[in-house]
Amino acid sequence: MLNTFCAISALIFSHKIYSAHSDLCSCKYSAFTAVATAIQLPNNGDVLAFQEMITNVGDDFDLSTNIFTCRLSGLYVFSWSIRKGGDTTQPDIELQKNGVRVASVYLLNQQDPEQNSNTITLELQPTDQVKLVANNYGGGASRIYNDDRRYTTFTGYVGLLYREE
């Protein structure tokens, strides 16, 4: 079977993707944004917790486990933004694909509040899992600051779907 691509410059309408060449693409869509609204003290290896969903098209992000599970083969974009409080912790929040670190956000400032973010693309296959995990330097818990302004977020969406013909 031959893999073909749905147009990356797609027009999204009613959760269906239409290519720039006006031919209907039968691919489905996947997109989520999860937000944290509570202060967290994750230890090494803890999955970051999110309390609310802004978007969860396709229901691929499980808010009870805080893990994204791929159901559509494709090229995905993931972005995460983390804020720490004004304390001496140095959180390193890594994005893991199937339990392996792919990229991180490291917050170094030891005195003042700090916010940092990262964005990457990943090729995923069905059942691949993506999550944010604390990897704190010096051990112990890191303070991830959140409130109703939603500083800490995790977003993912399919940018390019693979389709078999």
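Structure shown above.
Residues numbered from 1 in each chain as written. Predicted model: local features only at pLDDT ≥ 70, side-chain atom pairs only at ≥ 80, totals over all residues. Heavy atoms only, no water.

K.L.:
Help me understand the sheet that holds strand E11 (residues 100-106), please; the structure alone is not making it clear to me.
P.N.:
One key point about sheets: their strands pair by backbone hydrogen bonds, in either a parallel or an antiparallel sense. The strand order across the open sheet built from five strands is E7-E8-E13-E10-E11, with neighbouring strands paired in antiparallel fashion. Two strands lie at the open edges of the sheet, namely strand E7 (61-62) and E11, each paired on one side alone. Of the strand pairs in this sheet, E7 and strand E8 (residues 67-69) are connected by two bridges, and their pairing is antiparallel. Each residue of the ladder has a partner; that of Asp62, found in E8, is Ile67. (Pairing = 2+ DSSP bridges. Helix = DSSP H or I, 4+ residues; strand = E, 2+ residues; numbered from the N terminus.)

K.L.:
Whenever I open this one, unusual backbone geometry confuses me. Can you help?
P.N.:
Trans peptide bonds make up the majority, and among non-glycine residues the majority have a negative phi. With a phi close to 50°, Asn98 is a non-glycine residue in the positive phi region. Of note, Asn98 is situated in the loop between strand E10 (92-97) and E11. Even without being glycine, Thr127 reaches a positive phi, approximately 85°. Taking relative accessible area as the criterion, Thr127 reaches 62% and is therefore assigned exposed. (Buried < 20%, exposed > 50% of the residue type's maximum accessible area, 1.4 Å probe, protein only.)

K.L.:
Quick question: what am I supposed to make of the pattern of salt bridges here?
P.N.:
Opposite charge on two side chains permits them to pair, given that their charged atoms come into close proximity. Scanning all chains against the criterion turns up two salt bridges. Between Asp60 and Arg71 there is a salt bridge; the shortest N-O distance is 2.6 Å. On the criterion of sequence distance, the pair formed by Asp60 in the loop between strand E6 (52-57) and E7 and Arg71 in the loop between E8 and strand E9 (74-84) is long-range, its members being eleven residues apart. For the salt bridge of Glu94 with Arg101, the shortest nitrogen-to-oxygen distance reads 2.9 Å. Looking at Arg101, the relative accessible area reads 47%, which means it is partly exposed. (Salt bridge = Lys/Arg side-chain N within 4 Å of Asp/Glu carboxyl O.)

K.L.:
Would you mind going over the nonpolar core with me for this structure?
P.N.:
Generally speaking, nonpolar side chains in soluble globular proteins are found buried as a group. Grouped together as the largest cluster of nonpolar side chains are 31 residues, with contacts concentrated most on Phe68, Phe78, Trp80, Leu95 and Phe154. Put simply, the parts of the chain that give this core at least two residues each are strand E5 (31-35), E9, E10, E11, strand E12 (114-124), strand E13 (129-134) and strand E14 (153-164). For this core, the element with the most residues is E9, which contributes four residues. Sequence-distant contacts of Phe68, defined by excluding residues within four places in its chain, comprise Ser30, Phe32, Asp60, Phe61, Tyr76, Phe78, Leu124, Asp128, Gln129 and Val130. (Core = buried A, V, L, I, M, F, W, Y, C linked by side-chain atoms within 4.5 Å. Contact = heavy atoms within 4.5 Å.)

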